[in-house]
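Observations on chain architecture
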Amino acid sequence: MLKQRIITALILAPLVIAGIFFLPFPAFVVALAAITMVGFWEWTQFINGNARVQIVSLFTLVFGASLAAMPTDVTALAAVGDSHRAMLAVGGIWWLVASTLAITYPKSAKLWSSSALLKGVFGVLTLLPFFWGILLLRAVNYAESPYHGSQLVMLVCFIVWAADTGAYFTGKRFGKHKMAPSVSPNKTIEGLVGGAVLAMFIAWSGASLMNIPFSGVGSLLAIAMVTVVISVLGDLVESMFKRVAGIKDSGTILPGHGGILDRIDSLTAALPVFALFYLW
């Protein structure tokens, strides 16, 4: 399994980075839309009964409507209109609610675990802001530099990966206080702190190396901290849904890694929240 994970990662990582930096914007939208649709199909595994096709149809309609309203000009998209701000704000509010559900699990499960419609809505609230958060970051200053937005998206990825790495090693060495033992017994508060420290260092270093402007170091570190915390909670939220559904992985599309959702669970929370604070 470890060998399989490494091989998949060695193939996948360069493809993802190349896609972020080198795909023309229309092709990037198509690729990201495909990933989002696959992610939502995997999400419907959390839904019991025969409602899976209906929920996917609902998401496709909502997703398609949002795409139809997207400006064809990247510069107009980069202007971040009120509708796009609202989408990011909805994503931010959802992650506050979802984090509360994860932290209070299993008590919170009584409120939503038996409702296929609620689970479907949760999936829409998870993946739609994720999609738009990436696009809006990718479109920043696109006319002046097509790579500036790519660097922003990459910076968020670096923050999340650093948080995961720091949390793993710090938690393994010093972890004693569990964050949400009913959802993920291995995650600890000490791991969260260690991950946050490493992630903030990576955020500062990455922003400096890539010349990404922030209003100040304090603003950069504050946004990085919020992004780290919400990314960890995003991981917990997917773990909660998988636990209720009785499944280990969201899919099998990535050998050794599970499904698309298993790889982007932290990013689904981190990207829209980072975009919300950075663009506002």
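Residues numbered from 1 in each chain as written. Predicted model: local features only at pLDDT ≥ 70, side-chain atom pairs only at ≥ 80, totals over all residues. Heavy atoms only, no water.

Looking at an unreviewed UniProt entry, one finds the protein chain named Phosphatidate cytidylyltransferase, with Photobacterium sanguinicancri as its source organism. Taken from UniProt, the Sequence similarities (unreviewed entry) comment for the protein chain reads in full: "Belongs to the CDS family." According to the UniProt record, the Catalytic activity (unreviewed entry) comment for the protein chain is "a 1,2-diacyl-sn-glycero-3-phosphate + CTP + H(+) = a CDP-1,2-diacyl-sn-glycerol + diphosphate". (UniProt positions renumbered as here; feature names shortened; annotations may be inferred.)

A few points about the overall build of the protein chain
Regarding its fold elements, the protein chain presents 11 helices and 2 strands. Along the protein chain, from the amino end to the carboxyl end, the secondary structure elements read α-α-α-α-α-α-α-α-β-β-α-α-α. Considering only C-alpha atoms, the protein chain reaches an extent of 50 × 45 × 35 Å along its principal axes. Residues counted as buried form 50% of the 280 residues belonging to the protein chain. In the protein chain, the share of contacts with a sequence separation of at least 24, taken over all contacts with a separation of at least 6, comes to 75%. With the model as given, the accessible surface of the protein chain reaches about 13,200 Å², and the carbon-plus-sulfur share is 70%. The positive charge centre, built from 17 side chains, and the negative charge centre, built from 11, are 12 Å apart in the protein chain. (Helix = DSSP H or I, 4+ residues; strand = E, 2+ residues; numbered from the N terminus. Buried < 20%, exposed > 50% of the residue type's maximum accessible area, 1.4 Å probe, protein only. Contact = heavy atoms within 4.5 Å. Areas by Shrake-Rupley, 256 points an atom, 1.4 Å probe, with all protein chains shown as cover. Lys, Arg positive; Asp, Glu negative; His and termini not counted. Charge placed at Lys NZ, Arg CZ, Asp CG, Glu CD.)

Comments concerning the confidence of the model for the protein chain
This prediction gives the protein chain a mean pLDDT of 87; 94% of its residues lie at or above 70. No element of the protein chain has a lower mean pLDDT than helix H4 (residues 74–78), at 68, and none a higher one than helix H9 (residues 189–209), at 93. (pLDDT = per-residue confidence, 0-100.)

Here's the deal with the nonpolar core
With 86 residues, the main nonpolar core has Leu-135, Leu-137, Phe-214, Met-240 and Phe-274 as its most contacted residues. The biggest single contributor to this core is helix H11 (residues 260–279), with 12 residues. (Core = buried A, V, L, I, M, F, W, Y, C linked by side-chain atoms within 4.5 Å.)

Considering H11
The terminal C-alpha atoms of H11 lie 27 Å apart, and with 20 residues this matches the ideal 28 Å at 1.5 Å per residue to within 8%. Where H11 bends most, at Ser-266, the angle is about 35°. With respect to burial, H11 is a largely interior element, 17 of its 20 residues being buried. (Expected span 1.5 Å × (residues − 1). Bend = angle between axes of the 7 residues up to and from the residue.)

A word on the packing of helix H10 (residues 217–245) against H11
Contact geometry of H10 with H11 gives a least axis separation of 8 Å together with a crossing angle of 145°. Both H10 and H11 take part in a crossing whose hand is right-handed. When H10 is examined against H11, the residues Ile-223, Val-226, Thr-227, Ile-230, Ser-231, Gly-234, Asp-235, Glu-238 and Lys-242 are found in contact with a partner set consisting of Leu-261, Asp-262, Asp-265, Ser-266, Ala-269, Ala-270, Val-273, Phe-274, Phe-277 and Tyr-278. Per-class residue counts for the contact of H10 with H11 are 10 nonpolar, 4 polar and 5 charged. (Axes fitted to C-alpha atoms, helices over the stretch in contact; angles between N-to-C directions. Left-handed = near helix turned anticlockwise from the far one by under 90°. Nonpolar A, V, L, I, M, F, W, Y, C, P; charged D, E, K, R; others polar.)

Side note on the environment of Tyr-278
Tracing the backbone through its elements, the reader meets Tyr-278 in helix H11. In this structure Tyr-278 comes out as buried when scored by relative accessible area, which is 17%. Taking the C-alpha atoms as reference points, Tyr-278 and Ser-113, separated by 165 residues in sequence, lie 34 Å from one another. Not counting residues within four places of it along the chain, the set of residues in contact with Tyr-278 comprises Leu-137, His-148, Leu-152, Ile-212, Pro-213, Phe-214 and Ile-223.

With respect to H9
Since the α-helix packs 3.6 residues into each turn, any two residues three or four apart lie on the same face. If you check H9, its first and last C-alpha atoms are 30 Å apart, about what 21 residues at 1.5 Å a residue would give, namely 30 Å. For H9, the full list of buried residues reads Glu-190, Gly-191, Leu-192, Gly-194, Gly-195, Ala-196, Ala-199, Met-200, Ala-203, Ser-205, Gly-206 and Ala-207. Looking at the buried residues of H9, the elements they touch are helix H8 (148–174), strand S1 (178–180), strand S2 (184–188) and H10.

What about a nonpolar patch on the surface?
A cluster of nonpolar side chains, contributed by Leu-58, Val-62, Leu-117 and Val-121, occupies part of the molecular surface with about 290 Å² of accessible area. Mapped by element, the contributors of at least two residues to the nonpolar patch are helix H3 (52–68) and helix H7 (116–138). Here Val-121 falls in the partly exposed class, since its relative accessible area comes to 33%. (Patch = residues over 30% accessible without salt bridge, like charges linked within 9 Å, V, L, I, M, F, W, Y side chains within 5 Å. Salt bridge = Lys/Arg side-chain N within 4 Å of Asp/Glu carboxyl O.)

Some thoughts on the pattern of salt bridges
Overall, the coordinates contain 3 salt bridges when judged by the stated rule. The shortest N-O distance in the salt bridge between Asp-235 and Lys-187 comes to 2.6 Å. In this pair, Asp-235 sits in helix H10 while Lys-187 sits in strand S2, placing the two residues 48 residues apart along the sequence. Classification of Asp-235 by relative accessible area gives buried; the value is 16%. As a salt-bridge pair, Asp-262 and Lys-242 come within 2.8 Å of each other at their nearest N and O atoms. Taken as a pair, Asp-262 in helix H11 and Lys-242 in helix H10 lie far apart in primary sequence, 20 residues in all. We note that Asp-262, like Lys-242, is buried. In the salt-bridge network here, residues are joined through shared partners; they are Glu-238, Lys-242 and Asp-262.

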